[in-house]
Amino acid sequence: MEKDSALKYEKLQKRLKEMGRLVVSFSGGVDSTFLLAVAREVIGDQVTAVTAAGRSVPEWEIEEAREFCREKGIRHIVFSFDELEVDGFADNPPDRCYHCKTAILQKVREAAEQVDTVYIAEGSNVDDDGDYRPGKRAVQEAGVISPLKEAEIRQLSKEMGLATWDKPSFACLASRFAYEEPITAEKLRMVELAEKFLRDHGFSQYRVRMHGSMARVEVLPEDLERFLDPKLRQDFTGHMKDLGFTYTALDLDGYRTGSMNDALK
């Protein structure tokens, strides 16, 4: 471990140890997995993972979170969460994430009270500061701690032997919709199954963005040529029509985080 990384890692360990009993808002992604693993290492069974099983999270993501906690022997609370019942979510305004995150963290706070825990931490990191992130305001207002601001998460995850060290970045399925386009359970399921096709066919980083009845597909630039393989393309477009999409378009700029925020700039 490089000296700078080691110092940041030790700083994180010290901070978590000072908290003592801790609840981690755990999605199963790279950042929250790293945070939870370090907390487990430092404070043992005093850490509890809490996961929101919502409509905008694929089932495979929830199952991976469950499996990680089983393997590590971490107490894990999973609660059902229907984002569509949150005021300001289904209408999909630009601050949709703020409303959703506020509601989730309220549930996490309730879970923390059940296990007599004061401190709640989540996995936002410095990389999240470069894009439009209304959910950050919800985190601050809820008094939730984000201790990963100075950690090189992927490198440290690799050194810890965490399988998530090279796991593709993932955001909730609600981020696949153009702002102001209403979100429904059916649309969320369409996007989930569209992206499942790409995942099942070996694509590591992808998004299927929904613009009305059209799907805009993003894959890594180096995967563009493979995506255009005639057989794969035909199978995918057929699958998309079966799901209810009228048109399927390939974004020639390739995958990039927060591309829906381009309309806000």
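In what follows, the accompanying structure is described. (Residues numbered from 1 in each chain as written. Predicted model: local features only at pLDDT ≥ 70, side-chain atom pairs only at ≥ 80, totals over all residues. Heavy atoms only, no water.)

## Section: the sheet that holds strand S5 (residues 206–211)
So, point 1. Taken together, the three strands give an open sheet; going across it, the order is S5-S6-S7, and neighbouring strands pair in mixed fashion. Each end of this open sheet is capped by a strand with a single partner; those strands are S5 and strand S7 (247–250). Across the sheet, the axes of successive neighbouring strands diverge by a mean angle of 25°, strand direction being ignored.
So, point 2. Pairing analysis gives six bridges linking S5 to strand S6 (residues 214–219), with the strands arranged antiparallel. Within S6, the residue paired with Arg209 across the bridge is Arg216. (Pairing = 2+ DSSP bridges. Helix = DSSP H or I, 4+ residues; strand = E, 2+ residues; numbered from the N terminus. Axes fitted to C-alpha atoms, helices over the stretch in contact; angles between N-to-C directions.)

## Considerations on the sheet that holds strand S2 (residues 47–54)
Backbone-to-backbone hydrogen bonds join strands into a sheet, with any given pair of strands oriented parallel or antiparallel.
So, point 1. Pairing within the open sheet is parallel, and its four strands lie in the order S3-S2-S1-S4. The open sheet has two edge strands with one neighbour each: strand S3 (75–81) and strand S4 (119–121). Adjacent strand axes in the sheet meet at a mean angle of 25° when their direction is disregarded.
So, point 2. With four bridges connecting them, strand S1 (residues 22–25) and S2 associate as parallel partners. Note that in S2 the partner of Leu22 across the bridge is Val47.

## Structural notes on the layout of surface pockets
So, point 1. For the second largest pocket, the calculated volume is near 390 Å³.
So, point 2. Around the second largest pocket, the lining is made up of 24 residues, and of these Gly28, Glu64, Ala163, Thr164 and Lys167 lie nearest the centre.
So, point 3. For the lining of the second largest pocket, the secondary-structure elements that each account for two or more residues are helix H3 (59–72) and S5.
So, point 4. In terms of residue count, the dominant contributor to the lining of the second largest pocket is H3 (seven residues). (1 Å grid on protein atoms, 1.4 Å probe; cavity = no way out; pocket = protein on both sides within 12 Å on 5 of 7 lines; lining within 4 Å. Points joined across faces, edges and corners; volume = space filled by probe spheres on them.)

## Re the packing of aromatic side chains
So, point 1. One pass over the structure, following the stated rule, counts seven aromatic pairs.
So, point 2. Considering the side-chain rings of Trp60 and Phe170, the 5.6 Å spacing of their centres and the 70° angle between planes classify their relative orientation as edge-to-face. Of the two residues, Trp60 sits in helix H3 while Phe170 sits in the loop between helix H6 (153–160) and helix H7 (185–200), which places them 110 residues apart along the sequence.
So, point 3. Residue Trp60 is classed as partly exposed on the basis of its relative accessible area of 22%.
So, point 4. Classification of Phe170 as partly exposed rests on a relative accessible area of 26%.
So, point 5. Measuring from ring centre to ring centre gives 6.3 Å for Phe79 and Phe81, while their planes differ by 90°; the resulting arrangement is edge-to-face. In this structure, Phe79 and Phe81 share a single accessibility class: buried.
So, point 6. Here the aromatic residues Phe197, Phe203, Phe227 and Phe236 are joined through ring pairs into a cluster of three or more. (Phe/Tyr/Trp six-rings, centres within 6.5 Å; stacked < 30°, edge-to-face > 60°. Buried < 20%, exposed > 50% of the residue type's maximum accessible area, 1.4 Å probe, protein only.)

By themselves, these observations are geometric and do not establish any function.
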